[in-house]
Structure formats: C-alpha cells, structure tokens
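One-letter residues, chain by chain:
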Amino acid sequence: MHIGLIAGNGRFPFLVLDAARAQGHDVTIVAAKEETFPELNEAARQHGSAIHWMSLGQLGTCISVLKDAGVTHAVMAGQIKHTKIFAGGILPDLTFLSVLKQLTSKNTDGLIGAVANVLHDGGIELMDSTALLEPLLAKPGVLTKRAPTEDERKDFEFGYRMADAIAALDIGQTIAVKHQAVVAVEAMEGTDEVIGRAGHLAGPGVRIVKVAKPKQDMRFDVPVVGIATIQAMRVAGANALSVDAGKTLMIDGDAIITAADEAGIAIVGRVPPHAGRVPPERGSSGGGPAGGAPAASGLGGK
C-alpha cells in the first residue's frame, strides 16, 4: 500500500514512517512547515520517501500532492497546536477556507473531522493513527515498579469523572488533581504545560490524569505521553500518572517506564468505561508498551 503521512510535531511521525516502511508500505510525507521537526527530512531520505513541506493552510495542495502520488490512505501523526491557527500568520487556501466556513465550532473534533471529510471527498481515507503502532498503546494495570498509594488512587478515582467530562466536551484530555481537588485543566496548551502549571499552583504531590474521549476517534488527536511527560512531572513534583489503556500512545515505549521508575513516579493504565478492545496486561503474552515496536528515528523528545 502507498500511505500518505500528514506530519505534525514530535516523534509520532517518525515512528509511523519507520513502522510503515518496515511493513513494506511506500510513504509520501506532507510536513507542516509550522510544526514538523526538520529532522524528518533525513528520516525520509533514509527510507527513500518523498517529503513535501507546506503551510498548515495549504489543504488543497496537500490533497493534490497525495493524489498525484497515488495515495488512497493517509495517517495523521503528530501534534498541530491550535494556538498556531488562532494566533494568525496562517494563510488558508480555498479548500481550507471552505472547511472553516462550514464549522460551527473550531474544537479538535470539529476542525480535524472536517479535514478528514475533505480528504475522503478527494479519494483519500484517513486511517487509525495508531494502526501501525499497536505495540506502543498503553496496557492496563500498574505499569511501573511502584504501584499508586491509597491516596493517589483516591485522587485518580476523583479525577476520572472530571477528566472524562472535559474530554467529552472536547476541551482537553488532561487534568491535575491533589487532595481530591482539581488543580489544573487542559485546554489548548498541551499536557506538559498543564503539569508545569499544576506544580506551580499546588506544589509537589500532584497527580496527573490523562484520558481518551468517550467516543475517541483513533484517526486523530489520540492521547500521547512520552519521556517529556515524565520530565515535566519530575520538575513539577507530580508523582502519579493515569492513562487510558488501549487508547494512549506511549510514544517512547519502555523508556517511559524506566524514566518513571527512576523518578519514583507510579503509572497505571486505566481500562476506560467506554473501552473497546484493550491490549493484554503488562507482563502477559502481549508484552510491555514497547514490545515489538519499531525504533524511532533520531529524536529524543516528544
């Protein structure tokens, strides 16, 4: 299959490229000038994949490039910060303008879902963004050497209700909790910024709850955590993290668990109430978060 890779920032696009090529797929890359790491050029060269750089607003050009390459299926991988859209400086082409005019709200599901519809109309189906990376999806249960304490578990249980609610409203996917009170809520700023703000507001002992949406579209905006998440928690004094099993991409694989163990941070994979198929628990025949996963191409951060 010839796959289109629509790349945002972080390591996610590198992992998708590695996995797609390892599985014998041809890949044509469309990289966002405002977001994608420049090191993707070298990764594309090593894999013999064409890469095209364009602005976030050039949706029509993106579709034309992929169609000309013979692409019928594409993957969106990597974050596109909404602040880039709202801060100005992006010039939308006619295709992107037509998308914006149809929207009643510019939240993630509305905006990217509309883009997915335009791709579909152009003969390009958007794939599950984790389809090539299933070994990196979080497993259920305690993932670290240290299990959460009773107080940490109480904060998790308290936080799930609020986190699920904001995720259902497409506001954000992460909240910070301490002593069964919400310290910080994610909106457009991203997980690491929420963690930093929570540490500033409440000091050490914050717990982080990151969830998938109740009707999570796995084609885009899937929850992602990495070593950078653990580093942010370490700086903020946050000591426990809950992620949704089967829905959250552990972008750095087992290295995340190692970093958490070194920092004394407990990580658990919650089976969400809206879960579909969830991978087997860590330590069972399914292996850990990175079992069988492809190596990333030359980037250390999320």
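Scroll up for the structure.
In this report, the structure presented in the accompanying data block is examined.

Each value, and the rule that gives it
- Residues numbered from 1 in each chain as written.
- Predicted model: local features only at pLDDT ≥ 70, side-chain atom pairs only at ≥ 80, totals over all residues.
- Heavy atoms only, no water.
- Helix = DSSP H or I, 4+ residues; strand = E, 2+ residues; numbered from the N terminus.
- Buried < 20%, exposed > 50% of the residue type's maximum accessible area, 1.4 Å probe, protein only.
- Contact = heavy atoms within 4.5 Å.
- Areas by Shrake-Rupley, 256 points an atom, 1.4 Å probe, with all protein chains shown as cover.
- Phe/Tyr/Trp six-rings, centres within 6.5 Å; stacked < 30°, edge-to-face > 60°.
- Lys NZ or Arg CZ within 6 Å of the ring centre and 35° of its normal.
- Salt bridge = Lys/Arg side-chain N within 4 Å of Asp/Glu carboxyl O.
- Pairing = 2+ DSSP bridges.
- Axes fitted to C-alpha atoms, helices over the stretch in contact; angles between N-to-C directions.

Turning our attention to the overall build of the chain. Each helix and strand counted, the chain has 10 helices and 13 strands in total. Split into buried and exposed, the 302 residues of the chain put 52% on the buried side. Taking all contacts inside the chain whose residues are at least 6 apart in sequence as the whole, residues at least 24 apart take part in 76%. Accessible area of the chain: about 12,600 Å², with a carbon and sulfur share of 54%.

This brings us to the packing of aromatic side chains. Enumeration over the complete set of coordinates arrives at 1 aromatic pair. Directly above the aromatic system of Tyr160 lies the positively charged group of Arg270, at a separation of 4.4 Å from the ring centroid.

Attention shifts here to unusual backbone geometry. Phi is positive for Gln180, which is not a glycine, with a value near 55°. Here Gln180 is to be found in the loop between strand 7 (174-178) and strand 8 (181-185). Its identity is not glycine, yet Asp221 carries a phi of approximately 55°, on the positive side. Taking the relative accessible area as the measure of exposure, Asp221 reaches 30% and is therefore partly exposed.

Scanning all chains against the criterion turns up 12 salt bridges. Of the charged contacts in the structure, one is a salt bridge between Arg146 and Glu152, with a shortest N-O distance of 3.0 Å. The exposure class assigned to Arg146 is partly exposed, which follows from its relative accessible area of 26%. One salt bridge connects Arg270 with Asp164, and the closest N-O pair in it is separated by 2.9 Å. Linking Arg270 in strand 13 (residues 266-270) with Asp164 in helix 7 (residues 150-168), this pair joins segments that are 106 residues apart in sequence. On the basis of relative accessible area, Asp164 is assigned to the buried category, the value being 15%. Sharing partners across several salt bridges, the network here consists of Arg146, Glu152, Asp155 and Arg207.

Pairing is mixed across the open sheet formed by 6 strands, whose spatial order is 6-13-11-9-7-8. Two strands in the sheet have a free side with no partner beyond their single neighbour: strand 6 (141-142) and strand 8. Docked against the sheet, helix 8 (residues 191-202) engages strand 7, strand 8 and strand 9 (207-210), running at close to 135° with respect to strand 8.

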